[in-house]
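# Tertiary structure, described
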Amino acid sequence: MPATPAWPPASTPRLFVDQLLGPDAAPVIDGPAAHYLLNVMRQRVGAPLLLFDNRSGEWLGTIADAGKRSLTVRIEKQTRAREAVPDLWLCFAPVKKARLDWIIEKATELGVARLQPVITERTIVDRVKGERLEAQIIEACEQCGRTALPELAEPVKLPHLLKAWPADRALLFADEDGGAPFATIAAAPPAAILTGPEGGFTPNERALLLAHAAVRRVALGPRILRAETAAITSIGLWMGLHGDWR
Ligand code: SAH
């Protein structure tokens, strides 16, 4: 007896919509998302879609009608609740564009709750394009199955970050100059990881960090990693030890 094919099929497009979904919602999709569905994926009326809104979870819908540049979706049922994401923040000194995009995409896939750009003395990127990073986050969530988007915070200078730091959150300072092996550090959630820019941290910054009660200095092996390698590796380690990979 051939197994009945799963519904919706694995190839069903999955999209974030910034509008509250629900049984009676009739979301209208336009702009680039509509172009992608109608012209790239050549979806037609009756085709299934998976939509999530970062509020109510994920819903299965079907295209109710479609114009040239927009389409309306009829909601069929809720497929998933908005998941609880492990309470881990990535605080990172922005690095050059392509590598920065990579950090954002991988940190989202790996399950971070919040992305906090931190401007340090040797940060060479002078501004962070929030809307570009938001688009990166959404695309990564659509691909990896998240229904809860990580929050993208406004860039902040390191001293300000430390001054306002929540006392109950461990800040794992990935220090290229040394520190305890990651696995030996107590860092149950709520936790955060901090990585520096291409030029690393200055002695001043290191002193500021090591004087802070919430900071734990962690080493990521004997080699100098690129900032993005350090960010992604430490998130993976944390997820395996304290996150939702167990
Ligand atoms: N240019 C600096 C290295 C900066 S690497 C130098 O040559 O010393 C960029 C960031 O990645 C660092 O600030 C740190 O946060 C992280 N990092 C790189 N290698 C690391 C290691 N072995 N242990 C901990 N963190 C590391």
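Everything that follows concerns the structure shown earlier in this document.
Residues numbered from 1 in each chain as written. Predicted model: local features only at pLDDT ≥ 70, side-chain atom pairs only at ≥ 80, totals over all residues. Heavy atoms only, no water.

Evaluation of the coordinates by the stated rule reveals 16 salt bridges. Ionic pairing is found between Lys-97 and Asp-101, a salt bridge with its closest N-O pair at 3.8 Å. Remark: Asp-101 and Lys-97 occur in helix α2 (residues 97-110); sequence separation between them is four residues, near one turn of the helix. Judged by its relative accessible area of 52%, Lys-97 is exposed. Between Arg-132 and Asp-101 there is a salt bridge, and its shortest N-O distance comes to 2.4 Å. (Salt bridge = Lys/Arg side-chain N within 4 Å of Asp/Glu carboxyl O. Helix = DSSP H or I, 4+ residues; strand = E, 2+ residues; numbered from the N terminus. Buried < 20%, exposed > 50% of the residue type's maximum accessible area, 1.4 Å probe, protein only.)

On the basis of which strands lie adjacent, the open sheet formed by five strands has the order β1-β3-β4-β5-β2 and mixed pairing. Bordering the open sheet on either side are β1 (14-16) and β2 (28-30), each of which pairs with just one other strand. Within the sheet, the average angular offset between the axes of one strand and its neighbour, ignoring direction, is 40 degrees. For β2 and strand β5 (residues 70-80), the ladder comprises three bridges, and the chain directions are antiparallel. Its bridge partner lying in β5, Ile-29 is registered against Leu-71. Helix α3 (residues 130-144) contacts β1 and β3 (48-52) of the sheet and is inclined by roughly 145 degrees relative to β1. (Pairing = 2+ DSSP bridges. Axes fitted to C-alpha atoms, helices over the stretch in contact; angles between N-to-C directions. Contact = heavy atoms within 4.5 Å.)

Another point: the nonpolar core. Leu-88, Leu-90, Leu-115, Leu-172, Ile-235 and Trp-238 are the most contacted members of the largest nonpolar core, which has 35 residues in total. At the level of secondary structure, the elements contributing two or more residues to this core comprise β6 (88-92), α2, α3, β10 (170-174), β12 (191-195) and α6 (227-242). Ignoring sequence-local partners within four residues, the contact set of Leu-172 consists of Phe-182, Ile-185, Ala-187, Ala-192, Ile-193, Leu-194, Arg-216, Val-218 and Trp-238. (Core = buried A, V, L, I, M, F, W, Y, C linked by side-chain atoms within 4.5 Å.)

Quick reminder: α-helices carry 3.6 residues per turn. Residues three or four places apart thus point the same way. In this model, α2 (14 residues) spans 20 Å end to end at C-alpha, consistent with the 20 Å of a helix rising 1.5 Å per residue. Those residues of α2 that sit buried are Leu-100, Asp-101, Ile-103, Ile-104, Lys-106, Ala-107, Thr-108 and Leu-110. Buried residues along α2 sit in contact with β6, β7 (114-119), α3 and α6. Within two residues after α2, Gly-111 carries a phi angle of roughly 105 degrees, on the positive side. (Expected span 1.5 Å × (residues − 1).)

At the junction of Trp-7 and Pro-8, the peptide bond is cis and its omega measures out at 0 degrees in the coordinates. You can see Pro-8 is positioned in the segment before β1. A positive phi angle is found at Arg-42, which is not glycine, with a value near 50 degrees. You can see Arg-42 is positioned in the loop between α1 (31-40) and β3. In this model, Asn-54 sits at a positive phi of 60 degrees, which is unusual for a non-glycine residue. Here Asn-54 is to be found in the loop between β3 and β4 (58-66).

Right, let's talk about the packing of aromatic side chains for a bit. This model, assessed by the stated rule, comprises three aromatic pairs. When the centroid spacing of 5.6 Å and the interplanar angle of 55 degrees are considered together, the rings of Phe-16 and Phe-52 count as tilted. Of the two residues, Phe-16 is situated in strand β1 and Phe-52 in strand β3; the sequence distance between them amounts to 36 residues. Each of the two residues, Phe-16 as well as Phe-52, counts as buried. Ring plane angle 80 degrees and centroid distance 5.5 Å describe the contact between Trp-89 and Trp-165, whose orientation is recorded as edge-to-face. Residue Trp-89 is located in strand β6, and its partner Trp-165 is located in the loop between α4 (158-163) and β10; the two are separated by 76 residues in the primary sequence. As far as burial versus exposure is concerned, Trp-89 and Trp-165 are alike and both buried. One residue, Arg-114, lies across the ring of Trp-89, its end atom 4.7 Å from the ring centre. (Phe/Tyr/Trp six-rings, centres within 6.5 Å; stacked < 30°, edge-to-face > 60°. Lys NZ or Arg CZ within 6 Å of the ring centre and 35° of its normal.)

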